[in-house]
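Working through the structure, step by step
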Amino acid sequence: AYGAQPYGTVVVDPILPQLVGPKAEYYLPKFRQLKAQGKNTSWNWAAFLVPSYWMLYRKMYLYGAITAVIEILCSAIGSLLVLLLMLGGCVAMGIFGNFIYMKDLEGKAEEARTMPEPYRTQFLMTNRGVNSSVVVLTVVGRIVFTVFLLALQM
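Residues numbered from 1 in each chain as written. Predicted model: local features only at pLDDT ≥ 70, side-chain atom pairs only at ≥ 80, totals over all residues. Heavy atoms only, no water.

**Details of a nonpolar patch on the surface**
A contiguous nonpolar patch, built from Leu80, Leu84, Leu87 and Val91 and spanning about 380 Å² of accessible area, is present on the exposed surface. Secondary-structure assignment places Leu80 in helix H6 (residues 80-113). Assessed through its relative accessible area of 63%, Leu80 is described here as exposed. (Patch = residues over 30% accessible without salt bridge, like charges linked within 9 Å, V, L, I, M, F, W, Y side chains within 5 Å. Areas by Shrake-Rupley, 256 points an atom, 1.4 Å probe, with all protein chains shown as cover. Salt bridge = Lys/Arg side-chain N within 4 Å of Asp/Glu carboxyl O. Helix = DSSP H or I, 4+ residues; strand = E, 2+ residues; numbered from the N terminus. Buried < 20%, exposed > 50% of the residue type's maximum accessible area, 1.4 Å probe, protein only.)

**Things to note about the layout of surface pockets**
Over the atoms rolls a probe the size of a water molecule, and its path tells where empty space is left. In this model, the largest pocket occupies a volume close to 240 Å³. Lining the largest pocket are Glu71, Ile72, Ser75, Ala76, Arg142, Phe145, Thr146, Leu149, Leu150 and Gln153. Listing elements by their share of the lining of the largest pocket, those giving two or more residues are helix H5 (61-77) and helix H8 (132-153). Broken down by element, the residue count for the lining of the largest pocket peaks at six residues, all from H8. Residue composition of the lining of the largest pocket, grouped by class: five nonpolar, three polar and two charged. Space inside the second largest pocket adds up to approximately 190 Å³. Lining the second largest pocket are Pro51, Thr67, Ile70, Glu71, Cys74, Leu85, Met86, Gly89, Cys90 and Met93. Sorting the residues of the lining of the second largest pocket by element identifies H5 and H6 as the ones contributing at least two each. (1 Å grid on protein atoms, 1.4 Å probe; cavity = no way out; pocket = protein on both sides within 12 Å on 5 of 7 lines; lining within 4 Å. Points joined across faces, edges and corners; volume = space filled by probe spheres on them. Nonpolar A, V, L, I, M, F, W, Y, C, P; charged D, E, K, R; others polar.)

**Observations regarding the packing of aromatic side chains**
Centre distance and the angle of the planes are the two values used to describe a pair of aromatic rings. Applying the stated rule across the entire model yields eight aromatic pairs. Relative to Trp45, the ring of Trp43 lies with its centre 5.4 Å away and its plane at 80°, an arrangement referred to as edge-to-face. Owing to a relative accessible area of 30%, Trp43 belongs among the partly exposed residues under this scheme. Seen from their ring centres, Trp54 and Tyr101 are 6.0 Å apart, and the 70° between their planes marks the pair as edge-to-face. With Trp54 in helix H4 (residues 51-57) and Tyr101 in helix H6, this pair connects stretches of sequence that are 47 residues apart. The residues Trp54 and Tyr101 share a single accessibility class, namely buried. (Phe/Tyr/Trp six-rings, centres within 6.5 Å; stacked < 30°, edge-to-face > 60°.)

**So, the packing of H5 against H6**
Interaxial distance between H5 and H6 falls to 12 Å at its minimum, and their mutual angle equals 175°. Regarding the angle of H5 to H6, the classification is roughly antiparallel. Residue-level inspection shows Tyr63, Glu71, Cys74, Ser75 and Ile77 of H5 in contact with H6, the latter providing Val82, Met86, Ile100 and Asp104. In the contact of H5 with H6, the residues fall into six nonpolar, one polar and two charged. (Axes fitted to C-alpha atoms, helices over the stretch in contact; angles between N-to-C directions. Parallel < 35°, antiparallel > 145°, perpendicular 65-115°, else oblique. Contact = heavy atoms within 4.5 Å.)

This is a description of form; function is not addressed.
Following this line, the structure appears as structure tokens:
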């Protein structure tokens, strides 16, 4: 799709390195491996340990917001079954996180490809790298929400 390549060579979309930002040396080989093996699974510790925060940090805002809401609701319910389901969700994110991230970036790259300049450059600048501010705000929001819930129980 990105030009003729010798047989067996796996090419990652040339826009992806611009979008990944920190840890490109981790993600780009993972993306090549996923494509070469035709798989959608690999392991990502950050996606396993802190799924919503990882997604928000990596600018997958919709996925991150949905996951954060699910995590908050599950925490509020607090039954053993729900906690086991949350653990299953964490394992699933650990297994599929790199693939989901790759697909998200490929979608952004495709969208950028359709844009004329200077919109493409602006889009790439806005969507590249990571966002630690949204993670900090999410942590603060969760703390405030937890304090609010505790105050209601008093």
